[in-house]
Amino acid sequence: MHGLPTAAPADLGLCPERTQGIVQALQRDVDRGRLPGAAVLLARHGRVVLDAAVGHLDPARDTPMGTDAIFRIYSMTKPIVSVAAMRLVEQGRLLLSDPVGRYIPGFLRQQVAVPGPHGVALVPAAQPATVQDLLRHTAGLTYEFTGNGHVNALYAQAGLGSRDQTNAELCERLAGLPLAHQPGSAWAYSRATDVLGRVIEVITGQALGEHLRETILQPLGMRDTGFHVPAEHHHRIAEAFGHDPDGGVQMPMHDPRERPRLEMGGGGLMSTAHDYARFLQCLLNGGALDGHRLLSPHTLAFMTADHLGASVAHADNPLLPPGHGFGLGFAVRTALGEASVPGSVGTYHWSGIGGTHFFVDPALGLFAIFMAQAPNQRIHYRTVMRGLVYAAVTG
């Protein structure tokens, strides 16, 4: 149970028919075999106005989806780890200006791969990547699957995705590979939050999962969030279709039943709509929930401001649409227009490659969570949900 107060949509400026229309639109896609199942949660002014599930938890077994289903949230791990890092900043144990190499020495001697007419040249990094660079994805790192450049290929060959390595071992491998950009020069979605997770481990002396449990998950009552799913909850794990309904190659997903050695700060958590709602309500409240304060309102405002500005190249990136910048762990809306989805200026969002996403609109006191295991349809549902949710807000 999410444990948040509930209200009728009409009491909080939402049209009841249009709020129900969100569920009906998703049910139509379930009926035509496009979506296996989904859980959706919508809250405004601290009260939940929609908490619904459609379709199947596991399409292979015909089990109905429940609102307590457990999903692989992949990159929706990043905001939680970013909050953990900013708590250390608030405690004076970490500075955003610290070079990453202060905590992981391999990052002190990095080189940048520069493509040229005669192949790729390696040049020294002009400046070290900082903790702020990790939080805003400007550290020069990348992901193996976000392009077909030289560094993407090196990442793919290095086995960085293996869950049978520690965060320390992953970071050693990463530090030995060249950077795709000079630190601070370009926004590139990356394994930076995996590295941030290791920085947290070095400072606290705790495994990342233990630290998150102690400082965020337990205080907020996020009982079903962790790097693996215990045996007694295996029956609640949501699964994707065996085949992509659109005919593409279905993205393989990790098994949440296995306890991995890698507690990946950038994408390893499993969670529920109810747990994540508690996290987002805490953020929307200015950093506190039910008497537990994670951050100050000023720190949260700082995290959800644009940290790219005009100096950092970020055009033409499908993950950062027009009218958006990036803060410390979240994409942030900077213009009312330009983007292909509605939202107030100051709205912040992120998503997971398995098909989950959220957005928080502080101007409207609203957040929405969509949870599905539909990796190949993830961009479609991010877009559809924006239109459905904003259509329901009439007051």
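Our structure is the block above this text.
Conventions used here
Residues numbered from 1 in each chain as written. Predicted model: local features only at pLDDT ≥ 70, side-chain atom pairs only at ≥ 80, totals over all residues. Heavy atoms only, no water. Helix = DSSP H or I, 4+ residues; strand = E, 2+ residues; numbered from the N terminus. Buried < 20%, exposed > 50% of the residue type's maximum accessible area, 1.4 Å probe, protein only. Contact = heavy atoms within 4.5 Å. Areas by Shrake-Rupley, 256 points an atom, 1.4 Å probe, with all protein chains shown as cover. Lys, Arg positive; Asp, Glu negative; His and termini not counted. Charge placed at Lys NZ, Arg CZ, Asp CG, Glu CD. Phe/Tyr/Trp six-rings, centres within 6.5 Å; stacked < 30°, edge-to-face > 60°. Lys NZ or Arg CZ within 6 Å of the ring centre and 35° of its normal. Core = buried A, V, L, I, M, F, W, Y, C linked by side-chain atoms within 4.5 Å. Pairing = 2+ DSSP bridges. Axes fitted to C-alpha atoms, helices over the stretch in contact; angles between N-to-C directions.

Engineer: Could you clarify how one ought to interpret the overall build of the protein chain in this entry?
Structural biologist: The helix and strand inventory of the protein chain stands at ten helices and 14 strands. Projected onto the principal axes, the alpha-carbon positions of the protein chain cover approximately 60 × 45 × 45 Å. Classification of the 395 residues of the protein chain by burial places 58% in the buried group. Across the protein chain, contacts joining residues at least 24 apart in sequence account for 69% of those joining residues at least 6 apart. Total accessible area on the protein chain is roughly 15500 Å²; 53% of this is exposed by carbon and sulfur atoms. Averaging the locations of the 30 positively and 33 negatively charged side chains of the protein chain gives two centres separated by 2 Å.

Engineer: Any chance you could explain the packing of aromatic side chains here in plain terms?
Structural biologist: We describe a pair of aromatic rings using the distance from one ring centre to the other and the angle between the two ring planes. Inspection of the entire model under this criterion finds twelve aromatic pairs. Relative to phenylalanine 358, the ring of phenylalanine 330 has its centre 6.4 Å away and its plane inclined at 85°; by these criteria the two rings are edge-to-face. A residue pair is termed long-range when its members are at least 10 positions apart, and phenylalanine 330 in the loop between strand E10 (324-326) and strand E11 (331-333) and phenylalanine 358 in strand E13 (residues 356-361) qualify at 28 residues. Summarising the aromatic geometry, the rings of phenylalanine 370 and tyrosine 381 are spaced 5.4 Å apart at their centres and angled 15° between planes, so their arrangement reads as stacked. Here tyrosine 381 lies in helix H10 (residues 378-392) and phenylalanine 370 lies in strand E14 (residues 366-371), a separation of eleven residues in the sequence. In this structure, phenylalanine 370 and tyrosine 381 share a single accessibility class: buried. By the ring-pair criterion, three or more aromatic residues cluster together here, those being Tyr143, Phe145, Trp187, Tyr189, Phe326 and Trp350. Its end group placed over the ring of phenylalanine 359, arginine 386 keeps NZ or CZ at 4.4 Å from the ring centre.

Engineer: Whenever I open this one, the environment of valine 341 confuses me. Can you help?
Structural biologist: Along the chain, valine 341 falls in the loop between E11 and strand E12 (348-352). Note: C-alpha distance between valine 341 and arginine 382 (41 residues apart in sequence) is 8.9 Å.

Engineer: Where do I start with the environment of isoleucine 353 in this structure?
Structural biologist: Inspection of the secondary structure assignment puts isoleucine 353 in the loop between E12 and E13. When its relative accessible area of 22% is taken as the criterion, isoleucine 353 is described as partly exposed. Sequence separation of isoleucine 353 and glutamine 373 is 20 residues, and the distance between their C-alpha atoms is 9.0 Å. Setting aside residues up to four positions removed in sequence, isoleucine 353 forms contacts with Tyr74, Phe145, Met251, Pro375 and Arg378.

Engineer: Would you mind going over the nonpolar core with me for this structure?
Structural biologist: One finds Leu212, Ile216, Tyr276, Phe279 and Ile369 to be the most contacted residues of the largest nonpolar core, which totals 88 residues. If sequence neighbours within four positions are ignored, isoleucine 216 has contacts with Ile80, Val83, Ala84, Arg87, Phe279 and Leu294.

Engineer: It is not clear to me how the sheet that holds E13 should be interpreted in this structure. Could you clarify?
Structural biologist: What the eight strands build is an open sheet, ordered E3-E2-E1-E14-E13-E12-E11-E10; its pairing is antiparallel. The two strands at the open ends of the sheet, each matched to only one other strand, are strand E3 (63-64) and E10. Bridge analysis of E11 against E12 gives two bridges, and the strand direction is antiparallel. Residue pairing for E12: alanine 331 is matched across the bridge by histidine 349. Lying on the sheet, H10 is in contact with strand E1 (37-44), E11, E12, E13 and E14; it crosses E13 at an angle near 35°.

Engineer: Even after reading the chapter, I still don't get unusual backbone geometry, so can you show me in this structure?
Structural biologist: Backbone phi values are negative for most residues with the exception of glycine, while trans is the configuration of most peptide bonds. Even without being glycine, histidine 137 reaches a positive phi, approximately 60°. Secondary-structure assignment places histidine 137 in the loop between helix H3 (131-136) and helix H4 (150-157). Here aspartate 290, not a glycine, exhibits a phi torsion of approximately 50°, which is positive. Among the residues examined, aspartate 290 registers a relative accessible area of 56% and is labelled exposed.

Engineer: Would you take a moment to explain the side chain of histidine 349 for this structure?
Structural biologist: For histidine 349, the position within the fold is in strand E12. When sequence neighbours within four positions are dropped, the list of residues in contact with histidine 349 reads His324, Phe330, Ala331, Phe358, Phe359 and Arg386.

Engineer: Would you mind showing me how to read the pairing of E13 here?
Structural biologist: On a regular strand, each side chain points to the face opposite its neighbour's, so the side chains alternate between the two faces of the sheet. With six of six residues buried, E13 is to be regarded as a mostly interior element. Alternating positions in E13 separate into two faces, Thr356, Phe358 and Val360 on one and His357, Phe359 and Asp361 on the other, with burial throughout. Remark: three residues form the turn of the hairpin made by E12 and E13, two consecutive strands paired antiparallel; glycine 355 in that turn has positive phi of roughly 120°. Pairing of E13 with E14 involves five bridges; the strand directions are antiparallel. The residue of E14 that forms the bridge with valine 360 is phenylalanine 367. The hairpin turn running from E13 into E14, its antiparallel successor, is four residues long, and glycine 365 in that turn takes a positive phi close to 65°.

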